[in-house]
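What follows is the residue order along each chain.
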Amino acid sequence: QVQLVESGGGLVQAGGSLRLSCAGSGRTFSSYAMAWFRQAPGKEREFVAAINWSGGSTSYADSVKGRFTISRDNAKNTMYLQMNSLKPEDTAVYYCAGYTGVLVSRLPPRYWGQGTQVTVSS
């Protein structure tokens, strides 16, 4: 069973930066693609960014493209989300997720973390 644990959330002013981390355990970290999702109050959970098993392929939601960078270090069993130029509309609970296979799938991720709160003040 895969366990995913996020860290790095917090309160930041608009224009600032944060780096989220997601530590994985329970399965070979490089054997599955991963992603970040977020959910703002009163809204549905939405896709933020995804990365394949090696880190060689990434994708982003239009709303974060050019500001956020997803990456992973398989040797450290950790995935990251570098968030720059943060906006108040980025405020949400951010979730780390893992897919069943090495590539990002159209199907929902199988594994989920507990989430970490990111709050951006104006």
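About the cut-offs
- Residues numbered from 1 in each chain as written.
- Predicted model: local features only at pLDDT ≥ 70, side-chain atom pairs only at ≥ 80, totals over all residues.
- Heavy atoms only, no water.
- Helix = DSSP H or I, 4+ residues; strand = E, 2+ residues; numbered from the N terminus.
- Rg over C-alpha atoms; globule rule 2.2 N^0.38 Å.
- Buried < 20%, exposed > 50% of the residue type's maximum accessible area, 1.4 Å probe, protein only.
- Contact = heavy atoms within 4.5 Å.
- Disulfide = S-S within 2.5 Å.
- Salt bridge = Lys/Arg side-chain N within 4 Å of Asp/Glu carboxyl O.
- Patch = residues over 30% accessible without salt bridge, like charges linked within 9 Å, V, L, I, M, F, W, Y side chains within 5 Å.
- Areas by Shrake-Rupley, 256 points an atom, 1.4 Å probe, with all protein chains shown as cover.
- Core = buried A, V, L, I, M, F, W, Y, C linked by side-chain atoms within 4.5 Å.

(A) Here's a closer look at the overall build of the chain. If you tally the helices and strands in the chain, you get zero helices and 11 strands. Mapped from its N terminus to its C terminus, the chain presents α and β elements in the order β-β-β-β-β-β-β-β-β-β-β. Against the 2.2 N^0.38 benchmark of 14 Å for 122 residues, the chain shows a C-alpha radius of gyration of 13 Å, consistent with a compact globule. Within the chain, buried positions represent 42% of all 122 residues. Of the contacts made within the chain by residues no fewer than 6 positions apart, 57% connect residues no fewer than 24 positions apart.

(B) Summary view of the state of the cysteines. On inspection of all chains with the given rule, the structure shows one disulfide. Here Cys22 connects covalently by a disulfide to Cys96, the sulfurs 1.9 Å from one another. With the S-S dihedral at roughly -65 degrees, the linkage between Cys22 and Cys96 falls on the left-handed side. With a gap of 74 residues between them, Cys22 in strand 3 (residues 18-25) and Cys96 in strand 9 (residues 92-98) connect regions that are remote in the sequence.

(C) Local environment of the pattern of salt bridges. Applying the stated criterion across every chain, the model contains four salt bridges. Across the pair Arg38 and Glu46 runs a salt bridge whose closest N-O atoms are separated by 2.6 Å. Judged by its relative accessible area of 6%, Arg38 is buried. The residue Lys65 makes a salt bridge to Asp62 at a minimum N-O spacing of 3.2 Å. With relative accessibility at 67%, the residue Asp62 sits in the exposed group.

(D) Seen up close, a nonpolar patch on the surface. A cluster of nonpolar residues, Trp53, Val102 and Leu103, forms a patch on the protein surface that exposes about 280 Å² of accessible area. Examined against the element boundaries, Leu103 turns out to sit in the loop between strand 9 and strand 10 (111-112). The class of Leu103 is exposed, set by a relative accessible area of 55%.

(E) Here's a closer look at the nonpolar core. Among the nonpolar cores identified, the biggest contains 28 residues, and Met34, Trp36, Met79, Leu81, Met83 and Tyr94 are the most heavily contacted of them. At the level of secondary structure, the elements contributing two or more residues to this core comprise strand 3, strand 4 (34-39), strand 5 (46-51), strand 7 (68-73), strand 8 (78-83), strand 9 and strand 11 (116-121). Residues within four places of Met34 in sequence aside, it is in contact with Leu4, Cys22, Phe29, Ala50, Ile51, Ile70, Arg72, Met79, Cys96, Ala97, Gly98 and Tyr99. Core analysis: the second largest hydrophobic core is formed by six residues, Ala35, Phe37, Ala50 and Tyr99 among them.

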